[in-house]
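Residues per chain, in single letters:
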Amino acid sequence: MNISESSVLGTVLPLTSFENVLVFLFNIILATAIIFINVSVFIAIVMNRSLRNENRFMYMLSTCLSDICTGVSYYYAGVMDVRDDFDSPTRTLYIVPTFLGLSYMAILAAQADRYHAVSAPFKYSQRMTRNRTLLVILAYWVYAFILVAVYNLVTTGVAKAVTGLGTFVANIFSVIIMIGLNLRLFVIAKFQLEREPPSEERDNKRASIYLIIIVAVCFLIAWLPWFLLTTVCTFRGGSCYPFRNDGTDPLRILARVNALITPLLYIRGCTPLRSTIMIKVWRIPCCKSKRFMKGWSPEHTQTCTQIHTQFYSIQFTCAACLWIVGEPVQTNRKASHCDTQFVS
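Note that this is a predicted model, so its numbers are computed, not measured.

**Here's the deal with the overall build of the protein chain**
Counting its regular elements, the protein chain contains twelve helices and zero strands. Relative to all contacts within the protein chain whose residues are 6 or more apart in sequence, the contacts with residues 24 or more apart total 76%. In the structure as shown, the protein chain presents an accessible area of about 17400 Å², 67% of it carried by carbon and sulfur atoms.

So this is what it looks like as structure tokens:
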């Protein structure tokens, strides 16, 4: 039963078939996973002072915060029978889409930050202080919610017109900028940094560039279909809801999946962040050795060894730990620990 025909808000699909139950459970699991992973990254950055001292991790904090809000709101927008449109009685007053847009702006700002940092490091250190970085983040958060206020104060017709034109222009220019920055950052990482003498600073720059490039590419893959649909709807003047609701629309689901992919890429691509999460946040037993906590030199590798029979559950957790970091599990050693290689 559709929400327009009933005063009771139902689930995303009637739970009358196995397929509908799977869709319902998938949306619940997706919302939970988004919250869990992003909260883990957020807590790890807050707990680690060395991470907080780098500007790029401030943008990670911003992304995680907006994605946490996306995950929480998806319990409503994705699990229930909700059409988040201007004329829908179940709309969220344009607040839920704003959280997705904030992640988009955070990634775009992080790209510009990395480009400025590697192309003009001396000027970057003078201009982009911690306070100015936080001011940039605050600025696009305030800007986003000013737009929300405007959309809710004007009439529905004006809001649709402003949203359609503004979304079209913003999508075109921001996607072009994001692709251009990706290409420029790749050229810098591939050729310009190769001319610098080998050093830890050069490796850190290269690792941070590759990470933001991969994050931006995954973002474009997840968002371009929705961007294209919105653009088509702008010119057609029709509704952008070819499906029953948000929880059954694959394009809107794909945009939410990106809120899960982004923090996983942060964990996979940044070793200090990954080690902080595993030791201090998740408290994985096999990763609590002193050498893991102090960090290894680049010559060390990550291994997780076989432990006693009575600790099979811990061994399984350790194997999952190594699957996240992308290293093979070795069971031919007698010690029980996880080692790490700091590359960024």
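**Points about helix α4 (residues 95–119)**
Given 3.6 residues per helical turn, the α-helix brings residues three or four places apart onto the same face. The first and last C-alpha atoms of α4 sit 36 Å apart over 25 residues, in line with the 36 Å expected at 1.5 Å per residue. When you tally the buried positions in α4, you get 18 out of 25 residues, the bulk of the element.

**Observations regarding the environment of T248**
Structurally, T248 is set in the loop between α8 (200–236) and α9 (250–269). Relative accessible area serves as the criterion here: at 18%, T248 is assigned to the buried category. For the pair T248 and V23, spaced 225 residues apart in sequence, the C-alpha separation works out to 7.7 Å. Once residues lying within four places of it in the same chain are set aside, the contact partners of T248 are V12, L13, F243 and I253. There is a polar contact of 2.9 Å between the side chain of T248 and the side chain of N245.

**Concerning a nonpolar patch on the surface**
A cluster of nonpolar residues, L135, L138, V142, I146, V150, L153, V154, V158 and V162, forms a patch on the protein surface that exposes about 790 Å² of accessible area. Among the elements of the structure, α6 (130–153) and α7 (156–192) are those that each provide at least two residues to the nonpolar patch. The element that contributes the greatest number of residues to the nonpolar patch is α6, accounting for six residues. Within the fold, I146 resides in helix α6.

**Comments concerning the nonpolar core**
Core analysis: the largest hydrophobic core is formed by 63 residues, its most contacted members being I45, Y140, M178, I209, W223 and L273. Elements with a minimum of two residues in this core: α1 (18–47), α3 (55–77), α4, α6, α7, α8, α9 and α10 (271–281). With 14 residues, the top contributor of residues to this core is α8. The residues contacting I209, other than those within four sequence positions of it, are V118, L185, I188, A189 and L193.

**Section: the UniProt feature "transmembrane region" (unreviewed entry) in the protein chain**
In the numbering used here, UniProt assigns the "transmembrane region" (unreviewed entry) feature to residues 20–45, 57–77, 92–112, 133–153, 165–187 and 208–229. Secondary structure over residues 20–45 splits into 100% helix and 0% strand, and the C-alpha atoms at its two ends are 38 Å apart.

Analysis parameters
- Residues numbered from 1 in each chain as written.
- Predicted model: local features only at pLDDT ≥ 70, side-chain atom pairs only at ≥ 80, totals over all residues.
- Heavy atoms only, no water.
- Helix = DSSP H or I, 4+ residues; strand = E, 2+ residues; numbered from the N terminus.
- Contact = heavy atoms within 4.5 Å.
- Areas by Shrake-Rupley, 256 points an atom, 1.4 Å probe, with all protein chains shown as cover.
- Expected span 1.5 Å × (residues − 1).
- Buried < 20%, exposed > 50% of the residue type's maximum accessible area, 1.4 Å probe, protein only.
- Polar contact = N/O pair within 3.5 Å; in protein donor to acceptor, adjacent residues only side chain to side chain.
- Patch = residues over 30% accessible without salt bridge, like charges linked within 9 Å, V, L, I, M, F, W, Y side chains within 5 Å.
- Salt bridge = Lys/Arg side-chain N within 4 Å of Asp/Glu carboxyl O.
- Core = buried A, V, L, I, M, F, W, Y, C linked by side-chain atoms within 4.5 Å.
- UniProt positions renumbered as here; feature names shortened; annotations may be inferred.

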